[in-house]
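# Per-entry structural report
Here is what each chain is made of, one letter per residue.
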Amino acid sequence: MIPPVLPTYARADLAFERGEGCYLITDDGRRYLDFGAGIAVNVLGHAHPRLVAALGDQAAKLWHTSNLYRIPGGERLAGRLVATTFADTVFFTNSGAEALECAIKMARKFQSHEGRPERFRIVTFEGAFHGRTLATIAAGGQAKYLEGFGPKVEGFDQVPLGNLDAVKQALGRETAGILIEPIQGEGGVRTPSPEFLRALRSLCDEQGLVLIFDEVQTGVGRTGKLFAYEWTGVTPDIMAIAKGIGGGFPMGACLATERAAAGMTAGTHGSTFGGNPLAMAVGNAVLDAVLEPGFLERVQAVSLRLKQQLAMLKDEYPALIEEVRGQGLLLGLKMRIPNTDFVAALRDQRLLTVGAGDNVVRIIPPLIAGDAEIAEATAAIAAACIAIAKKQDAAA
Ligand SMILES: *Cc1c(COP(=O)(O)O)cnc(C)c1O
């Protein structure tokens, strides 16, 4: 019999009653160290007093008005995102996939607005993840997400990550732009080189294409900069963000330059809930914390120490851990055993992590994690490795 909740998720048999900082707590008081952060969402951990206050204060005043009226909190948040990024303008959404939908529509509209309506195709990369709407599963190109859902939305050409010749070959008279994650999250914490990104920027400039970055996972401090593109020396024309910006409140945004957004005039795009006062209050509170002097430098320092610890564990357990990858607090362990087994073994040690493609286990803690949490996580990973090695010995 089908359960009341549509069974599209392979959930762990575990439920939490509350959260405190980097910890999630079950109703019988078991504490789990949350190094998954709701899939890179809870940047300030759980029940952060400033976020609780921001949401509570706004909830007591006004929840929702629709975009028929001005939303001062949204004007403020957009202004702050514009002031701190390449962008000149922002559209607010409720999720990452919607931010990507806006980005894709904007890229097509840009070309049409420039008098080139035949340009609608977007080049994307193998291993990419851009969401679960019909257009974003076509953009991501993963067979397992497309299977059974009818004809793939037209207009996406996928090439291997890092292969510039393949990109050049995929460009045609109908190409509107190139869409890429500065670090693939779901794909297994795979990082294209800065040179590759620079080459994409040049191609876009030469051929009148838009460069779109999907920073839904890498954004809002995750890599130790406000946005990952800041490490690369390349700025996009359009950028989708989501996960971290709401710190757990569902929201996303599509950022763009004035030029890229030129065709997006009144009536061309919209969302009932997007940018509502609750989301905007929380988004502003997240930025208050992440933009505080020293916050991102601290993320970089903590990340360095965590990565060193992970590298030591890799040296100690080379039969289990093949490689440590990633940047900032978007780290991955490429495993020699099934990543799902390792995620489960870590969960047995009360450490929560998230699987990814390419047999990787993602280590993506709240950005407020410190040395105590790193020490605890390191010990838990070591304990899981020992437990697995023992099991393997017993089986042999
Ligand atoms: C999570 C994610 C998305 C989709 O976001 P949703 O909020 O689940 O729609 C898109 N792109 C990237 C890179 C992501 O990590």
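Please refer to the structure placed before this passage.
Rules of the game
- Residues numbered from 1 in each chain as written.
- Predicted model: local features only at pLDDT ≥ 70, side-chain atom pairs only at ≥ 80, totals over all residues.
- Heavy atoms only, no water.
- Axes fitted to C-alpha atoms, helices over the stretch in contact; angles between N-to-C directions.
- Helix = DSSP H or I, 4+ residues; strand = E, 2+ residues; numbered from the N terminus.
- Left-handed = near helix turned anticlockwise from the far one by under 90°.
- Contact = heavy atoms within 4.5 Å.
- Buried < 20%, exposed > 50% of the residue type's maximum accessible area, 1.4 Å probe, protein only.
- Polar contact = N/O pair within 3.5 Å; in protein donor to acceptor, adjacent residues only side chain to side chain.
- Pairing = 2+ DSSP bridges.
- Near = heavy atom within 4 Å.
- Areas by Shrake-Rupley, 256 points an atom, 1.4 Å probe, with all protein chains shown as cover.
- Nonpolar A, V, L, I, M, F, W, Y, C, P; charged D, E, K, R; others polar.

## Let's talk about the packing of helix α12 (residues 339–348) against helix α13 (residues 371–395)
When two helices pack together, their arrangement is given by the angle between the helix axes and by the axis-to-axis distance. Put simply, α12 and α13 touch, their axes get as near as 9 Å, and they point 115° apart. The way α12 lies across α13 gives a crossing that is right-handed. For the pair formed by α12 and α13, the contact residues are Phe 342, Ala 345 and Leu 346 on the first element and Ala 380, Ile 381, Ala 384, Cys 385 and Ile 388 on the second.

## Thoughts on the side chain of Arg 201
For Arg 201, the location among the structural elements is in helix α8 (residues 194–207). You can call Arg 201 buried: its relative accessible area is 14%. At 3.0 Å, the side chain of Arg 201 and the side chain of Asp 237 are in polar contact. Setting aside residues up to four positions removed in sequence, Arg 201 forms contacts with Leu 209, Leu 211, Val 234, Thr 235, Pro 236 and Asp 237.

## A word on unusual backbone geometry
Although it is not a glycine, Ile 39 adopts a positive phi angle of roughly 60°. When you line up the elements, Ile 39 lands in helix α1 (residues 37–40). A residue is classified by how much of its surface remains accessible, and Ile 39, at 36% relative accessible area, is partly exposed. A positive phi is found at Asp 358, a non-glycine position, where the angle reads about 60°. Residue position: Asp 358 is located in the loop between β14 (354–356) and β15 (360–363).

## Overview of the sheet that holds β14
The pairing of strands in a sheet comes from backbone hydrogen bonds and takes either a parallel or an antiparallel form. Here we have four strands laid out as an open sheet, ordered β11-β12-β15-β14, and antiparallel in their pairing. The outermost strands of the open sheet, each flanked by one partner alone, are β11 (321–327) and β14. Looking at each pair of strands side by side, their axes are set apart by 30° on average, direction ignored. The pairing of β11 with strand β12 (residues 330–335) spans six bridges and is classified as antiparallel. What sits directly across from Val 324, in β12, is Leu 333. Across the face of the sheet, α12 comes into contact with β12, β14 and β15 while running at roughly 40° to β15.

## What to know about the site of the ligand
Close contacts around the ligand come from Ser 95, Gly 96, Ala 97, Phe 129, His 130, Gly 131, Glu 181, Asp 214, Val 216, Gln 217 and Lys 243, and that covers them all. At a separation of 2.6 Å, an oxygen atom of the ligand approaches a polar side-chain atom of Lys 243. Taking 390 Å² as the accessible area of the ligand by itself, protein coverage stands at 81%. Partitioning the shell around the ligand into residue classes produces three nonpolar, five polar and three charged.

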